[in-house]
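# Observations on chain architecture
Here's the letter readout for the chains.
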Amino acid sequence: MTTTTDLVSYEDALASYDPVMGLEVHVELGTATKMFCGCSTALGADPNTQTCPVCLGLPGALPVVNATGVESAIKIGLALNCEIAEWCRFARKNYFYPDMPKNFQTSQYDEPIAFNGYLDVQMEDGEVFRVEIERAHMEEDTGKSTHVGGATGRIHGASHSLLDYNRAGIPLIEIVTKPITGAGERAPEVARAYVRELRELIRALGVSEARMEMGQMRCDVNLSLMPKGADKFGTRSETKNVNSLRSVERAARFEIQRHAAVLSSGGTIVQETRHFHEDTGSTIS
Ligand SMILES: [Zn+2]
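So, a few notes on the structure that sits alongside this text. In this text, all values refer to a predicted model and were calculated from it rather than measured experimentally.

Scoring rules and cut-offs
- Residues numbered from 1 in each chain as written.
- Predicted model: local features only at pLDDT ≥ 70, side-chain atom pairs only at ≥ 80, totals over all residues.
- Heavy atoms only, no water.
- Helix = DSSP H or I, 4+ residues; strand = E, 2+ residues; numbered from the N terminus.
- Rg over C-alpha atoms; globule rule 2.2 N^0.38 Å.
- Buried < 20%, exposed > 50% of the residue type's maximum accessible area, 1.4 Å probe, protein only.
- Contact = heavy atoms within 4.5 Å.
- Areas by Shrake-Rupley, 256 points an atom, 1.4 Å probe, with all protein chains shown as cover.
- Lys, Arg positive; Asp, Glu negative; His and termini not counted.
- Charge placed at Lys NZ, Arg CZ, Asp CG, Glu CD.
- Pairing = 2+ DSSP bridges.
- Axes fitted to C-alpha atoms, helices over the stretch in contact; angles between N-to-C directions.
- Polar contact = N/O pair within 3.5 Å; in protein donor to acceptor, adjacent residues only side chain to side chain.
- Donors = N, O, S within 2.8 Å, 3.2 Å for Na, K, Ca; no water.
- Tetrahedral: all angles 85-135°; square planar, octahedral: opposite > 155°, others 65-115°.

## A word on the overall build of the protein chain
Along its length, the protein chain carries 4 helices and 13 strands. Relative to its length of 285 residues, the protein chain is compact, with a C-alpha radius of gyration of 20 Å against a globular reference of 19 Å. Out of the 285 residues belonging to the protein chain, those deemed buried represent 45%. Taking as baseline every contact in the protein chain between residues at least 6 positions apart, the subset at least 24 positions apart corresponds to 69%. About 14,500 Å² of surface is accessible on the protein chain, with carbon and sulfur atoms providing 51% of the total. In the protein chain, which carries 28 positive and 38 negative side-chain charges, the distance between the mean positions of the two groups comes to 3 Å.

This is the structure we're talking about:
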């Protein structure tokens, strides 16, 4: 299933539209144990050897929060100039997905541990751009599916799937920006500089190695365009799980060109999640 995506040149896109970005970064914390149980988080173990009734979501299991996980979340919040909640709670985010054994993810909804911050990011030419932070909240990772028997490793065409719950329950911090406006043609550069700065900060705090190539840190890039002079945001697309600095910049740039092509031909943007292809530098639905 290959479809050609029409693009307009980057310069033409920016001549007519202002980009609005939102960046959601997931960071896997480097705690020794999972967020709500004592299972090890060490990488490389045999599948399903680091699980227990809590992280498998068995009935009656009692989760106990990881104190180091909470401290790490507060450190990140303070480093991002956030307010820290005096108290907060977890929420169930219900959805059915086979690599999530409980059928809900324990996350935070309307009471995140950290909120209303900012990070000043320095671009390569020295210019500083302030990225405002909406929130940083605690949650847990899912397990991992491996699709077997197909040509691509994706679920389509696979004969069966294998599930490994060693990763289920590993602590994650999700850091969400407020809409980033006013960056204009530099928006993709700002996205890259922000993720780079955030990675360095996380490492300096000692809360995670934040190795993007290992999936310890990944970025969802939300992007929309509005006609120059407008003040109402357009419909956004969300490019999920982008896992290198260069790809963050390329994904934002590609989406600007794609959105501009759709909008300037009279079309409408579909709100959807998209997948970034490293080899072509493009996104697909
Ligand atoms: Zn466990």
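Structure's up, so let's keep going.
## Some remarks on the sheet that holds strand 10 (residues 217-227)
Spatial strand order, 2-5-6-9-1-10-11-12-13: 9 strands in an open sheet with mixed pairing. If you trace the sheet from one side to the other, it starts and ends with strand 2 (83-84) and strand 13 (282-284), each paired once. The strands touched by helix 3 (residues 187-205) are strand 1 (17-28), strand 5 (114-122), strand 6 (128-140), strand 9 (171-177) and strand 10; relative to strand 5, the strand with the most contacts, the crossing angle is about 110°. Along the sheet face, helix 4 (residues 245-264) touches strand 1, strand 10, strand 11 (237-242), strand 12 (273-277) and strand 13 and points at about 30° away from the line of strand 10.

## Quick look at the environment of Asn 116
Relative to the elements of secondary structure, Asn 116 occurs in strand 5. Here the alpha-carbon distance between Asn 116 and Pro 101, two residues 15 residues apart in the chain, equals 33 Å. With sequence-adjacent residues up to four places away left out, Asn 116 is seen in contact with Asn 81, Cys 82, Glu 83, Ile 133, Glu 134 and Lys 178. Reaching out from Asn 116, the side chain makes a polar contact with the side chain of Glu 83 at a distance of 3.4 Å. Within the local environment of Asn 116, its side chain forms a polar contact with the side chain of Lys 178, the two groups lying 3.2 Å apart.

## Notes on the coordination of the zinc ion
Within the protein, the zinc ion binds to Cys 37 (SG), Cys 39 (SG), Cys 52 (SG) and Cys 55 (SG); these donor distances fall in the range 2.3 to 2.4 Å. The site at the zinc ion holds 4 donor atoms, and with the angles between them running 101 to 115°, its shape is tetrahedral. Donor residues binding the zinc ion come from one chain and are separated in sequence as C-x1-C-x12-C-x2-C. The exposure class of Cys 55 is buried, given its relative accessible area of 7%.

## Thoughts on the environment of Thr 239
Structurally, Thr 239 can be placed in strand 11. Residue Thr 239 is classed as buried on the basis of its relative accessible area of 0%. Setting aside its immediate chain neighbours within four residues, Thr 239 contacts Cys 219, Asp 220, Val 221, Ala 251, Glu 255, Arg 274, His 275, Phe 276 and Thr 283.

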